[in-house]
Amino acid sequence: GKDFALLISNLGFSGDAYAVFREIAREIRSEEQKKSLQQAGVDHQNTISLCQFRRFEERMLAESIRLSVEDEGSPAYRFAALLKQQKGNLLRAWRELDSRGIGVVTYM
C-alpha cells in the first residue's frame, strides 16, 4: 500500500491513496491468482493485480459516462479542466484545436 501511495502521489494524485488501493482491491481475484500469490509468499490481502486494476478501470469508466457535464468526475468536465490547465482558458484551447480557424473541429 505504501509503495502504491508514493507512486500515485508522484503522478500528481492528492487524494486518499489508501482508499483508492482498497477500492481496487475490492475487485474479485480468482482462486488461481490467490493460490499463485500464496505460493510466491505474497500476502494477497495487501496486493492488487493487473486484472483487478483493469476491472476497476472499466467500472470507473462506466460510472463516469453516467455523470453529467457539470459533475467533476465526468469525462467532459475533466477534459475542460485539462484544457483550462494547459491553455489558461477554453477559448485559447479552442483556438488551438481549431487549427484551420474555420470554427469547427473534426473527429477522425
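Notes on the structure in this doc start here. None of the values given here were measured: they were computed from a predicted structure.

Rules and cut-offs
- Residues numbered from 1 in each chain as written.
- Predicted model: local features only at pLDDT ≥ 70, side-chain atom pairs only at ≥ 80, totals over all residues.
- Heavy atoms only, no water.
- Helix = DSSP H or I, 4+ residues; strand = E, 2+ residues; numbered from the N terminus.
- Rg over C-alpha atoms; globule rule 2.2 N^0.38 Å.
- Buried < 20%, exposed > 50% of the residue type's maximum accessible area, 1.4 Å probe, protein only.
- Contact = heavy atoms within 4.5 Å.
- Areas by Shrake-Rupley, 256 points an atom, 1.4 Å probe, with all protein chains shown as cover.
- Lys, Arg positive; Asp, Glu negative; His and termini not counted.
- Charge placed at Lys NZ, Arg CZ, Asp CG, Glu CD.
- Axes fitted to C-alpha atoms, helices over the stretch in contact; angles between N-to-C directions.
- Parallel < 35°, antiparallel > 145°, perpendicular 65-115°, else oblique.
- Polar contact = N/O pair within 3.5 Å; in protein donor to acceptor, adjacent residues only side chain to side chain.
- Nonpolar A, V, L, I, M, F, W, Y, C, P; charged D, E, K, R; others polar.
- Phe/Tyr/Trp six-rings, centres within 6.5 Å; stacked < 30°, edge-to-face > 60°.

Turning to the overall build of the protein, a few remarks are in order. Regarding its fold elements, the protein presents six helices and zero strands. For 108 residues, the compact-globule estimate of 2.2 N^0.38 gives 13 Å, and the C-alpha radius of gyration of the protein, at 19 Å, exceeds that figure by more than 25%. Taken over the C-alpha atoms alone, the protein extends approximately 60 × 25 × 25 Å along its principal axes. A total of 108 residues make up the protein; the buried ones form 17% of that total. A fraction of 29% describes how many contacts in the protein between residues 6 or more apart in sequence connect residues 24 or more apart. For the protein, the exposed area adds up to about 8800 Å²; of that, 56% sits on carbon and sulfur atoms. Mean positive and mean negative side-chain charge positions of the protein (16 and 15 charges, respectively) differ by 3 Å.

Viewed as axis vectors pointing N to C, helix α2 (residues 17–25) and helix α4 (residues 50–65) meet at an angle of 100°, and their least axial separation amounts to 8 Å. Taken together, the axes of α2 and α4 are roughly perpendicular relative to one another. Of the residues in α4, those touching α2 at Glu23, Ile24 and Ala25 are Gln52, Phe53, Phe56 and Arg59.

Considering the arrangement of structural elements, one finds serine 64 in helix α4. A relative accessible area of 7% places serine 64 in the buried class. Side-chain polar atoms of serine 64 contact the backbone oxygen of leucine 61, separated by 2.9 Å.

With respect to the helices and strands, the residue valine 20 is situated in helix α2. Residue valine 20 is classed as partly exposed on the basis of its relative accessible area, which comes to 24%. Look past the residues within four positions of valine 20 in its chain and what remains in contact with it is Phe4 and Phe13.

For the rest of this paragraph, the subject is the packing of helix α5 (residues 75–87) against helix α6 (residues 90–97). Each pair of packed helices can be summarised by the angle the axes make with each other and by the distance between the axes. Axis separation between α5 and α6 bottoms out at 8 Å; the angle between their running directions is 90°. Judged by the angle between their axes, α5 and α6 are roughly perpendicular. In contact with Phe79, Ala80, Leu83, Lys84 and Lys87 of α5, α6 contributes Leu90, Arg92, Ala93, Glu96 and Leu97. For the contact of α5 with α6, the class distribution of residues is six nonpolar, no polar and four charged.

Quick look at the packing of aromatic side chains now. Counted by the stated rule, this structure contains one aromatic pair. A centroid spacing of 5.4 Å and a plane angle of 65° characterise the contact between phenylalanine 4 and phenylalanine 21, whose relative ring orientation is edge-to-face. Here phenylalanine 4 is found in helix α1 (residues 2–10), whereas its partner phenylalanine 21 is found in helix α2, with 17 residues between them in sequence. For phenylalanine 4, a relative accessible area of 16% puts it in the buried group.

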